[in-house]
Amino acid sequence: MTDDLLTQRIFSMMAELSTVRAPDIRLEHRLREDLGLDSVCSMELLSMLAEEFELDVPMEEAAQVTTVAGTVAMAQRHLALKERAVS
Amino acid sequence: MNDAVVEPLLESIRAFARRHVRPLEIDQQHSIPREVLWGLAELGLFGATLPREWGGAGLSALQTIRVVTALAEVDRSVATTVGLHLGLGTRGLVAWGTRAQQERWLPPLASGEAIAAFATTEPNAGSDLSALQCLAQPAPDGTLQLFGTKLYVTNGGFASLLTVTASTPGMGGAERGTSLLLIDPKTPGVARQREERKLGLRGSSTTAFIFDQVAVPNDAVLGEPGQGASYLAHVLSWGRLLLSAGCVGTARAALDAALAHVHHRRQFHRALVQQEVVQRALARAGAIAYGMEALVRTAAAAEHDWDLLSRLTTSAKVFCSEGAFELADLSLQLHGGSGFIEDTGIALLMRDARVTRIFEGANDVLLTHAGVLELTQPAAVPTDASLSGLWSAVALRRNVLQCEAKGVRALNRRAAQHALGRAVIWRDAATAATSLARTPLERAAAALLCDEALNVAMAPDLPAVPTHLIVAALLEGVFP
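None of the values given here were measured: they were computed from a predicted structure.

Caption draft 1: Spotlight on the interface of chain A and chain B. Listed by partner, the interface residues are 26 residues for chain A and 21 residues for chain B. Buried surface at the junction of chain A and chain B, summed over both partners, amounts to about 2,000 Å²; 54% is from carbon and sulfur atoms. The closest approach of N and O atoms between arginine 414 of chain B and glutamate 44 of chain A, which form a salt bridge, is 2.9 Å. Scanning the region where chain A abuts chain B turns up four residue pairs in polar contact (both at pLDDT 80 or more). Those elements giving two or more residues to the side of chain A that touches chain B turn out to be α2 (39–53) and α3 (59–63) of chain A.

Okay, structure coming up:
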């Protein structure tokens, strides 16, 4: 999956939990202040992401993510780790 | 104000209640008589938590819970009216109000001349506050224009001040920000709806409000614009705390009534209290009532540690609302047929207690929330060695869930989180009871709670039968 496709997929998932539409989401947005996701909703988003891409993201790492860019970076990092483990 | 002042205040409340508060009449008339509200105001109860500078008594959370509990022992509608005013109604204004906002509102709120309410529930946003649709947007004249509907506003029928949660996109640099607004219900465009008819808490006013193009001046925004979500967490903590204190009062009233009855009621040639089954039920009820009180006191003691206050009031709200309802139900059961008759007042206790499992965060939502918190930010382990077994059992449950689900994916397992949340809540109650126990009886009650908490922590969370098949059959109308 390309970075662009991954980012678009993450935006779609965020739009499911937030009232902000996917085309209006930007990388610099903050999960709480700009997307209106409280701490539980933010963790739910990251868990959905981990489930969809079968990523093993530690709870402590997920708890540090506060922005859209951070979410994308976390997904990219763990997808790369997964690919490396497979190869 | 120290306890030497609170004790006489509690005595005054009890004396006033004995003479003037008639719970069955309040229930039948669906309102609290005006002279009762005036009497409460004369006692200074509407200013109990408000700063002395503005005419309040400046009571601490630990002192205030005793006031609300004392009121709830007599009548839950009265306790709810006062508790809502002191907690959800005025907490935001006390914590983040500007000097001008406080100067305008706090003196009449402290004297009881004005009553406060809090408006957040909407047709499509109950426990899920991220779904707020009430909208405040900048108008060309520099004010905000407020549109939307709020439901189930406690004290709504006579409130002079509403703290309203509204979505304020773009304000304060937050695209999806929420703000708290101070609204005078007499403002043009605010329409107060009729009183709701309810199962219980009938003396407590509950109305809806419709806001249609309400012009809200910018100085009516509470605190920083767009930061309402973080303020809300603290305001809700106070709401849950005082609700829990009310539950303690209900539990005491239910238990007192049960004890009076089982002493004189004889069946099978013995007083009910001499029956072993009754004794066991009463012992458990006493332990639960003690656990409720200990948990509320522990939460109130965390008044200045807002994260801990939020965590403990979540536990207290669930444990106390379930405990109060259970004790009211037990009291009714022990009363036999007479408990089912309204004149005894036991049915009223149960009807009044029922809604506390729903409002200020439905218990199932709070249980899941407590489970998520325990997964993401585990509570600090206490040093008391006698609690290590219980805390280890809850930690084991948390770790197994995390390992099975591989990290953050554990958060997709809602039923398991809910079960973990229940283990957390019982653990917190048993911990509070153990920490505060001083007498042999209190230690025995705490030990009983620890045993039950351990059972809750070790209970399986996966159903032994395929529940989804039963649900599918029910939905299709082919079962039973």
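Caption draft 2: Molecular detail of helix α10 (residues 306–335) of chain B. All names here are of chain B. Between its first and last C-alpha atoms α10 spans 42 Å; for 30 residues at 1.5 Å apiece the expected length is 44 Å, and the two agree. The element α10 is extensively covered by neighbouring structure, given that 21 of its 30 residues are classed as buried. Count one or two residues on from α10 and you reach glycine 336, which has phi positive near 65°.

Caption draft 3: Expanded view of the environment of glycine 421 of chain B. Residue and element names in this part refer to chain B. Summarising the element assignment, glycine 421 is placed in helix α14 (residues 414–436). Since its relative accessible area comes to 0%, glycine 421 is described here as buried. Taking the C-alpha atoms as reference, glycine 421 lies 48 Å from aspartate 141; in sequence the two are 280 residues apart. Residues within four places of glycine 421 in sequence aside, it is in contact with Leu367, Ala370 and Gly371.

Caption draft 4: Here's a closer look at the packing of α2 of chain A against helix α4 (residues 68–86) of chain A. Residues and elements named next belong to chain A. The geometry of α2 relative to α4 is characterised by a closest axis approach of 11 Å and an angle of 25° between their N-to-C directions. Comparing the axis directions of α2 and α4 gives the class roughly parallel. With respect to the hand of their crossing, α2 and α4 are arranged in right-handed fashion. Residues Leu45, Leu46, Leu49 and Phe53 of α2 pack against Thr71, Met74, Ala75, Leu79 and Lys82 of α4. Residue classes in the contact of α2 with α4 are distributed as seven nonpolar, one polar and one charged.

Caption draft 5: Looking closely at unusual backbone geometry. All names here are of chain B. Omega for the bond connecting phenylalanine 479 with proline 480 falls within 30 degrees of zero, at 0°, which places this linkage in the cis form. For proline 480, the position within the fold is in the segment after α16 (467–476). A positive phi is found at phenylalanine 268, a non-glycine position, where the angle reads about 55°. In this structure, phenylalanine 268 sits in the loop between β9 (266–267) and β10 (270–271). In this structure phenylalanine 268 comes out as exposed when scored by relative accessible area, which is 72%.

Caption draft 6: The arrangement of the nonpolar core in detail. All names here are of chain B. Residues Leu40, Leu71, Met292, Phe319 and Val408 are the most contacted members of the largest nonpolar core, which totals 133 residues. In this structure, this core is formed jointly by two domains, domain 1 (3–111) and domain 3 (231–458), each of which donates at least three residues. In contact with leucine 40, not counting residues within four places along its chain, are Phe16, Leu45, Phe46, Leu71, Val78 and Val82. Leu93, Val94, Ala110 and Ala116 belong to the second largest nonpolar core, which has 22 residues in total.

Caption draft 7: Representation of the domain arrangement of chain B within the structure. All names here are of chain B. According to the domain assignment, chain B consists of domain 1 (3–111), domain 2 (116–227) and domain 3 (231–458). Computed over C-alpha atoms, the centres of domain 1 and domain 2 are 23 Å apart. Opposite the 22 residues of domain 1 that make contact, domain 2 presents 21 residues. Approximately 1,800 Å² of surface area, both sides summed, lies buried where domain 1 meets domain 2, with 64% of it carried by carbon and sulfur atoms. Considering only the surface of domain 1 that becomes buried against domain 2, His30, Gln101 and Trp105 emerge as the three largest contributors, covering 30% of it. Taken together, domain 1 and domain 2 are joined by two salt bridges.

Caption draft 8: Focus on the pairing of strand β2 (residues 135–138) of chain B. Residues and elements named next belong to chain B. Sheet analysis places β2 next to strand β3 (residues 144–154), joined by four bridges and oriented antiparallel. Bridge pairing links alanine 136 to leucine 146 in β3. Counting the residues in the hairpin turn of β2 and β3 gives five residues, including glycine 142, whose phi is positive at 95°.

Caption draft 9: Geometry of the pattern of salt bridges. Within this structure, the stated rule accounts for 26 salt bridges over all chains. Here arginine 30 of chain A makes a salt bridge to aspartate 34 of chain A, at a shortest N to O gap of 3.1 Å. Residue aspartate 34 of chain A is classed as buried on the basis of its relative accessible area of 5%. In this structure, arginine 280 of chain B engages glutamate 276 of chain B in a salt bridge whose closest nitrogen and oxygen atoms are separated by 3.5 Å. Placement of the pair is arginine 280 of chain B and glutamate 276 of chain B together in helix α9 (residues 276–301), with a separation of four residues, close to one helical turn. Connected through shared salt-bridge partners, Asp27, Arg202, Glu342 and Arg351 of chain B make up one network.

Caption draft 10: Geometry of α14 of chain B. When the terminal C-alpha atoms of α14 of chain B are compared, their 33 Å separation across 23 residues agrees well with the 33 Å that a helix rising 1.5 Å per residue should span. Most of α14 of chain B is tucked away, with 17 of its 23 residues classed as buried.

Caption draft 11: Just the environment of leucine 93 of chain B, in detail. Residue and element names in this part refer to chain B. Here leucine 93 is to be found in helix α6 (residues 91–96). C-alpha separation for the pair leucine 93 and leucine 106, spaced 13 residues apart in sequence, amounts to 8.1 Å. If near-sequence neighbours (up to four positions away) are discounted, leucine 93 is found in contact with Gln101, Gln102, Trp105, Leu106, Leu109, Leu161, Leu182 and Leu222.

Caption draft 12: Representation of a nonpolar patch on the surface. Residues and elements named next belong to chain B. A surface patch of nonpolar side chains, about 460 Å² in accessible area, is lined by Val465, Ile470, Leu474, Val478 and Phe479. Mapped onto the fold, phenylalanine 479 is located in the segment after α16. Judged by its relative accessible area of 45%, phenylalanine 479 falls in the partly exposed class.

Caption draft 13: Fine view of the packing of aromatic side chains. Residue and element names in this part refer to chain B. Summed over all chains, the structure comprises four aromatic pairs over all chains. Between tryptophan 96 and tyrosine 231, the aromatic rings sit 4.3 Å apart at their centres with planes inclined by 25°, giving stacked as the arrangement. You can see tryptophan 96 sitting in helix α6 and its partner tyrosine 231 sitting in helix α8 (residues 228–264), a full 135 residues away along the chain. Here tryptophan 96 matches tyrosine 231 in class, with each residue buried. Among the aromatic residues, those joined into a cluster by ring pairs are Trp96, Tyr231 and Trp306. A cation sits over an aromatic face here: arginine 357 above phenylalanine 325, 4.8 Å from the ring centre. Across the ring face of tryptophan 391, the terminal group of arginine 427 is positioned such that the distance to the ring centre comes to 3.8 Å.

Definitions and limits used
- Residues numbered from 1 in each chain as written.
- Chains lettered and ligands numbered in written order.
- Predicted model: local features only at pLDDT ≥ 70, side-chain atom pairs only at ≥ 80, totals over all residues.
- Heavy atoms only, no water.
- Contact = heavy atoms within 4.5 Å.
- Buried area = accessible area lost by both parts, 1.4 Å probe.
- Salt bridge = Lys/Arg side-chain N within 4 Å of Asp/Glu carboxyl O.
- Polar contact = N/O pair within 3.5 Å; in protein donor to acceptor, adjacent residues only side chain to side chain.
- Helix = DSSP H or I, 4+ residues; strand = E, 2+ residues; numbered from the N terminus.
- Expected span 1.5 Å × (residues − 1).
- Buried < 20%, exposed > 50% of the residue type's maximum accessible area, 1.4 Å probe, protein only.
- Axes fitted to C-alpha atoms, helices over the stretch in contact; angles between N-to-C directions.
- Parallel < 35°, antiparallel > 145°, perpendicular 65-115°, else oblique.
- Left-handed = near helix turned anticlockwise from the far one by under 90°.
- Nonpolar A, V, L, I, M, F, W, Y, C, P; charged D, E, K, R; others polar.
- Core = buried A, V, L, I, M, F, W, Y, C linked by side-chain atoms within 4.5 Å.
- Domains from an automatic or database assignment.
- Pairing = 2+ DSSP bridges.
- Patch = residues over 30% accessible without salt bridge, like charges linked within 9 Å, V, L, I, M, F, W, Y side chains within 5 Å.
- Areas by Shrake-Rupley, 256 points an atom, 1.4 Å probe, with all protein chains shown as cover.
- Phe/Tyr/Trp six-rings, centres within 6.5 Å; stacked < 30°, edge-to-face > 60°.
- Lys NZ or Arg CZ within 6 Å of the ring centre and 35° of its normal.

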